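For reference, the chains in residue letters:
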Amino acid sequence: MALFGKREEVQVDRERLPRHIAIIMDGNGRWAKGRGLPRTAGHAVGAETFRTIATYCRELGIEYLTVYAFSTENWKRSADEVGAIMGLLQKYLLEAVRDMEKEKVRFVFFGDLAPLSEELRELCRQVERDSAKFEGCQVNICLNYGGRDEIVQGAKAFARDCMAGKVDPERLTEEQFGGYLYSAGVPDPDLVIRPSGEERISNFLLWQSAYAEYYFTDVCWPDFDRAELRKAIGAYQGRSRRFGGV
Ligand code: FPP
């Protein structure tokens, strides 16, 4: 660990980076409240943080970044707040379309997009389609996503294939079942980060994070920056992953 000025800087070992980082972008509301601002102002800054962190992950060579943008439970929030989050997403995606050939990021959406407005749903599909050719970094945006809901959707799809005689339930493996989830083809997250001081998983990537390393910090998402990401990766690199072995 090197010291630069007063701030402790963590250096990451670029040879041992996590392949897949997943983030619960939490604390936007509290960050805003602490500054006497509306919750939506926290989401607006949070969207910028997402941009910074996604760019940094790409620069570092992280292959997959998955973020929890809107859960199946977030519909319980006020219409104003839901509308503001959807508006920020739409703005971000329109900018992603504009900058696509420069950024070269592949976007995939995890979640049931059916309840979204037709305009936003079509934009998500367009971004997914147009960015599918990029191979460097894949950003998965969890939108109307819930880990339990994902497993139920996967179980239904598997049951349909059983009824159609395409698969034999007795031969189902964990790997095969993973292919029925939104994350089909994506390696499991190595590191799951939750800022804002909350230490729970909140229905995020339940199946996929079976052996993920968790990193919690009190910093709220709008204040999460490159140095915070380096701290998270540094903590991850200090762990011993045994996957149930010794
Ligand atoms: C959790 O903080 C955050 C959300 C539910 C929304 C996250 C959305 C964004 C960062 C903006 C749009 C996203 C993208 C990808 C451009 P919270 O509101 O639960 O915070 P609190 O726990 O402090 O209330």
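As the structure is a computational prediction, the values presented were derived from the model and not from experiment.

Trainee: It is not clear to me how helix H5 (residues 147-163) should be interpreted in this structure. Could you clarify?
Mentor: Side chains three or four residues apart in an α-helix point the same way, a direct result of the helix having 3.6 residues per turn. Across its 17 residues, H5 extends 24 Å between first and last C-alpha, which sits within 8% of the 24 Å expected from 1.5 Å per residue. What H5 keeps buried is the set Gly147, Glu150, Gly154, Phe158 and Asp161. The buried residues of H5 all sit within an arc of 70° when viewed along its axis, so they share a single face. The outward face of H5, more than 90 degrees from its buried face, is lined by the exposed residues Arg148, Arg160 and Met163.

Trainee: How should I be thinking about the site of the ligand in this particular structure?
Mentor: Asp26, Arg30, Arg39, His43 and Arg77 are the nearest of the 17 residues found near the ligand. Note that an oxygen atom of the ligand is positioned 3.3 Å from one of the backbone N or O atoms of Gly27. Against a free-state accessible area of 630 Å², the protein chains account for coverage of 92% of the ligand. In terms of residues, the shell around the ligand owes the most to one element, helix H2 (residues 39-60), which gives 5 residues. When the residues that make up the shell around the ligand are grouped by side-chain class, the tally is 7 nonpolar, 6 polar and 4 charged.

Trainee: Help me understand the packing of aromatic side chains, please; the structure alone is not making it clear to me.
Mentor: The geometry of an aromatic ring pair is captured by two quantities: the separation of the ring centres and the angle between the planes. According to the stated counting rule, one finds 13 aromatic pairs in the structure shown. Measuring from centroid to centroid gives 6.1 Å for Tyr214 and Phe216, while their planes differ by 5°, and the two rings are stacked. Here Phe216 falls in the partly exposed class, since its relative accessible area comes to 32%. Taken together, Tyr68, Tyr145, Tyr182 and Phe204 form an aromatic cluster joined through their ring pairs.

Trainee: Where do I start with the pattern of salt bridges in this structure?
Mentor: Side chains that differ in charge, positive against negative, can pair when their charged atoms come close. Throughout the structure, instances matching the rule amount to 24 salt bridges. Taking the shortest distance from any N to any O, the salt bridge between Glu198 and Arg30 comes out at 3.4 Å. Taken together, the residues span a long stretch of sequence, with Glu198 in the loop between strand S7 (191-194) and strand S8 (213-216) and Arg30 in helix H1 (residues 28-33) at a distance of 168 residues. Overall, the relative accessible area of 21% leaves Glu198 in the partly exposed class. With a closest N to O distance of 2.9 Å, Lys133 and Glu101 form a salt bridge. You can see Lys133 sitting in the loop between helix H4 (118-131) and strand S6 (137-145) and its partner Glu101 sitting in helix H3 (residues 79-103), a full 32 residues away along the chain.

Trainee: Please explain the state of the cysteines as it appears in this structure.
Mentor: As used here, a disulfide is simply a covalent bond connecting the sulfur atoms of two cysteines. One pass over the structure, following the stated rule, counts 0 disulfides. With no disulfide partner, Cys124 has as its closest neighbouring cysteine sulfur the one in Cys142, 12 Å distant. Cys57 provides the cysteine sulfur closest to Cys137, a residue in no disulfide bond, and the two sulfurs are 6.6 Å apart.

Trainee: Would you take a moment to explain the nonpolar core for this structure?
Mentor: Within the largest apolar cluster, 47 residues are counted, with the highest numbers of intra-cluster contacts made by Ile21, Phe50, Ile141 and Leu229. Sorting elements by how many residues they give to this core places H3 first, with 8 residues. Not counting chain neighbours up to four residues away, the residues in contact with Ile141 comprise Phe50, Val67, Ala69, Leu89, Leu93, Phe107, Val108, Phe109 and Phe110. Counting residues in hydrophobic clusters, the runner-up holds 13 residues, among them Tyr68, Cys142, Val192 and Ala212.

Trainee: What should I look at first to understand the side chain of Ser131 in this one?
Mentor: Locating Ser131 in the fold gives a position in helix H4. Here Ser131 falls in the buried class, since its relative accessible area comes to 0%. In this structure Ser131 touches Met100, Val105, Arg106 and Phe107, once residues within four positions along its chain are discounted.

What counts, and where the lines are drawn
- Residues numbered from 1 in each chain as written.
- Predicted model: local features only at pLDDT ≥ 70, side-chain atom pairs only at ≥ 80, totals over all residues.
- Heavy atoms only, no water.
- Helix = DSSP H or I, 4+ residues; strand = E, 2+ residues; numbered from the N terminus.
- Expected span 1.5 Å × (residues − 1).
- Buried < 20%, exposed > 50% of the residue type's maximum accessible area, 1.4 Å probe, protein only.
- Arc of directions from axis to C-beta.
- Near = heavy atom within 4 Å.
- Polar contact = N/O pair within 3.5 Å; in protein donor to acceptor, adjacent residues only side chain to side chain.
- Areas by Shrake-Rupley, 256 points an atom, 1.4 Å probe, with all protein chains shown as cover.
- Nonpolar A, V, L, I, M, F, W, Y, C, P; charged D, E, K, R; others polar.
- Phe/Tyr/Trp six-rings, centres within 6.5 Å; stacked < 30°, edge-to-face > 60°.
- Salt bridge = Lys/Arg side-chain N within 4 Å of Asp/Glu carboxyl O.
- Disulfide = S-S within 2.5 Å.
- Core = buried A, V, L, I, M, F, W, Y, C linked by side-chain atoms within 4.5 Å.
- Contact = heavy atoms within 4.5 Å.

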